[in-house]
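Understanding the architecture of this molecule
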Amino acid sequence: MKAKTITLFIILSVCHFLNGETAIKAQACRDTLSVMIIGDVMMHQAQLEKDYTQFLKHISKDLRSADIAVANMEFSLGGEPYTGYPRFSAPDSYAEYVATECGVDVFLTANNHILDRGQKGLKRTLSVYEGMKEKVLFTGSAGSKEELEQNYPVIIDRKGIKLAIINFTYGTNGIHAEGWPNTNYMVKESIDSAFIRAAKQNADFIAVLPHWGTEYELHHNSTQEIWAGYLVGRGADVIVGGHPHVVQDSTHINGVPVFYSIGNAVSNMSAENTRLELAVTLRFVNDHITGIRTMLEPEIRYMWCCLPGRLNDNFSTIFVKEWLGHRSEWINPSDYDNMVNTYRRVRQETGVSD
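Residues numbered from 1 in each chain as written. Predicted model: local features only at pLDDT ≥ 70, side-chain atom pairs only at ≥ 80, totals over all residues. Heavy atoms only, no water.

Digging into the packing of helix 7 (residues 188-200) against helix 8 (residues 222-234)
Closest axis-to-axis distance for the helix 7/helix 8 pair is 11 Å, and the angle between their directions is 30°. Relative to helix 8, the element helix 7 is oriented roughly parallel. At the point where helix 7 passes helix 8, the crossing takes the right-handed sense. Residues Lys188, Ile191, Asp192, Phe195 and Ile196 of helix 7 pack against Trp227, Tyr230, Leu231 and Arg234 of helix 8. Looking at side-chain class alone, the contact of helix 7 with helix 8 contains six nonpolar, no polar and three charged residues. (Axes fitted to C-alpha atoms, helices over the stretch in contact; angles between N-to-C directions. Helix = DSSP H or I, 4+ residues; strand = E, 2+ residues; numbered from the N terminus. Parallel < 35°, antiparallel > 145°, perpendicular 65-115°, else oblique. Left-handed = near helix turned anticlockwise from the far one by under 90°. Contact = heavy atoms within 4.5 Å. Nonpolar A, V, L, I, M, F, W, Y, C, P; charged D, E, K, R; others polar.)

Things to note about the pattern of salt bridges
Side chains bearing opposite charge may pair, as long as their charged atoms lie close to each other. Taken as a whole and judged by the stated rule, the model has 15 salt bridges. Between lysine 135 and glutamate 96 there is a salt bridge, with its nearest N and O atoms 2.2 Å apart. With lysine 135 in the loop between helix 5 (118-131) and strand 4 (137-139) and glutamate 96 in helix 4 (residues 92-100), the pair connects residues that are 39 residues apart, well separated along the chain. Look at lysine 135 and you get partly exposed, because its relative accessible area is 45%. Taking the shortest distance from any N to any O, the salt bridge between arginine 345 and glutamate 272 comes out at 3.7 Å. In this pair, arginine 345 sits in helix 10 (residues 333-350) while glutamate 272 sits in the loop between strand 13 (264-266) and strand 14 (276-287), placing the two residues 73 residues apart along the sequence. (Salt bridge = Lys/Arg side-chain N within 4 Å of Asp/Glu carboxyl O. Buried < 20%, exposed > 50% of the residue type's maximum accessible area, 1.4 Å probe, protein only.)

As for helix 10
Each full turn of the α-helix corresponds to 3.6 residues, which orients residues three or four apart in the same direction. The end-to-end C-alpha distance of helix 10, which contains 18 residues, comes to 26 Å, matching closely the 26 Å that a straight helix rising 1.5 Å per residue would cover. Listed in full, the buried residues belonging to helix 10 are Asp335, Tyr336, Met339, Val340, Thr342, Tyr343, Val346 and Thr350. Across the axial projection of helix 10, the buried residues extend over an arc of 165°, all falling on one side. Set apart from the buried face of helix 10 by more than 90 degrees, the exposed residues are Arg344 and Gln348. For helix 10, the secondary structure elements touched by its buried residues are strand 11 (250-253), strand 14, strand 16 (299-306), strand 17 (316-319) and helix 9 (320-323). Glycine 351 sits one or two residues past helix 10 and shows a positive phi near 80°. (Expected span 1.5 Å × (residues − 1). Arc of directions from axis to C-beta.)

Here's the deal with the packing of aromatic side chains
Applying the stated criterion across every chain yields a total of 15 aromatic pairs. Taken together, a centroid distance of 5.8 Å and an interplanar angle of 55° make the contact between tyrosine 52 and tyrosine 97 tilted. Taken together, the residues span a long stretch of sequence, with tyrosine 52 in the loop between helix 2 (45-48) and helix 3 (60-65) and tyrosine 97 in helix 4 at a distance of 45 residues. Like tyrosine 97, tyrosine 52 is buried. Ring pairing ties together the aromatic residues Tyr52, Phe55, Phe75, Tyr94, Tyr97 and Phe315, which thus form one cluster. Over the ring of tryptophan 227 we find lysine 188; its NZ or CZ atom is 5.9 Å from the centre of that ring. Taking NZ or CZ as reference, arginine 301 lies 3.6 Å from the ring centre of phenylalanine 319, over its face. (Phe/Tyr/Trp six-rings, centres within 6.5 Å; stacked < 30°, edge-to-face > 60°. Lys NZ or Arg CZ within 6 Å of the ring centre and 35° of its normal.)

Some words on the environment of asparagine 221
Tracing the backbone shows asparagine 221 in the loop between strand 9 (205-211) and helix 8. For asparagine 221, a relative accessible area of 22% corresponds to the partly exposed category. Polar contacts involving the side chain of asparagine 221 include one to the side chain of threonine 214, which spans 2.9 Å. (Polar contact = N/O pair within 3.5 Å; in protein donor to acceptor, adjacent residues only side chain to side chain.)

Things to note about the sheet that holds strand 11
Reading across from one edge, 6-7-9-10-12-11 is the order of the six strands in this open sheet, with mixed pairing throughout. Every interior strand has two partners, whereas the edge strands, strand 6 (154-158) and strand 11, have only one. Within the sheet, the average angular offset between the axes of one strand and its neighbour, ignoring direction, is 20°. Pairing analysis gives seven bridges linking strand 7 (residues 161-169) to strand 9, with the strands arranged parallel. Residue asparagine 167 lies in a different strand from strand 9, and its bridge partner there is leucine 209. (Pairing = 2+ DSSP bridges.)

Brief notes about unusual backbone geometry
Residues other than glycine predominantly adopt negative phi, and peptide bonds predominantly adopt the trans conformation. Of the consecutive residues glutamate 80 and proline 81, the connecting peptide bond is found in the cis state with omega at 0°. On the secondary structure map, proline 81 appears in the loop between strand 2 (68-73) and helix 4. Of note, the bond from tyrosine 85 into proline 86 is cis; its omega dihedral lies within 30 degrees of zero at 5°. The residue asparagine 202 is not glycine, and still its phi comes out positive at about 60°. Along the chain, the position of asparagine 202 falls in the loop between helix 7 and strand 9. Of note, histidine 243 is a non-glycine position whose phi angle comes to about 115°, a positive value. Residue position: histidine 243 is located in the loop between strand 10 (238-240) and strand 11. Here histidine 243 falls in the buried class, since its relative accessible area comes to 3%.

Details of the pairing of strand 9
Taken across its seven residues, strand 9 has seven buried, putting it largely inside the fold. Residue alternation in strand 9 divides its side chains into two sets, Phe205, Ala207, Leu209 and His211 and Ile206, Val208 and Pro210, and both sets are buried. As defined by bridge partners, strand 9 adjoins strand 10 across two bridges and the pair is classed as parallel. Residue alanine 207 lies in a different strand from strand 10, and its bridge partner there is valine 238.

Shown next, in the form of structure tokens:
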């Protein structure tokens, strides 16, 4: 009996080893593409007076470690004089900072402030981004019809996975451009064309990043819901929205994750809920043995935008969970309390849990 027990133990041990080895080999034959998405990178007047190279310092490591990092650039690069709300024009070096030091790979340009300096400002903005093409891609606006067909959608091919990103806006605050350059609007005909181009280029996944919704509302509106259903029907694999400046509720439509709004990334906003925001990380798996490509459930992390005089003397975007329990490090501890209370309330009201 003892010999049999030893033999059985050896057999089980070998099987366990082989299974473990098989698992290791299988893991080695799979690649995971990570895509981290943050919301509105803004430049209000008060921000112009600070050292912007500190704004995203606390989250830049995570942005750089993602295979692809995406941010909505909610301003024009219209040149001097630099201005904040309501007609944004930020320094070119701000965009350079977001790309080079923070590691953002894709700029979203379809938003309601992209035409703040008119068509001339948009032309200059796209010219600056074009000059940065070795560091960052952009989508959402185009300088010509040919350029539109190249970057709408923008398609990124990494780790054997082709990801298409479709970005458009509900409007541009009543400012319109005739001809080119122009931005992508929430118009079905042009969006359909983007989906068709994604299919022709054999995109494995399509991420739709719309600029839509009602500002400051924690819940999506009926227009967003109707459009989300339409986008899923057209072939969207995930929808991550922005514009409301607050986190909104999320859901699944026919299995497709929908984040109606992830809020800001950095701004000078102080209205209720506008300083709490999300970072959404998408993960796509490529199995080289089977050839099957799948999308995992997105990962979310809440962030908080600290205003000057709260955590330090500058604007600082931080991950909420990393700073829980560090109240003593705040210059103004009441802002820590504000962060915690807002975090708990918004999680409860929206149902978006991390």
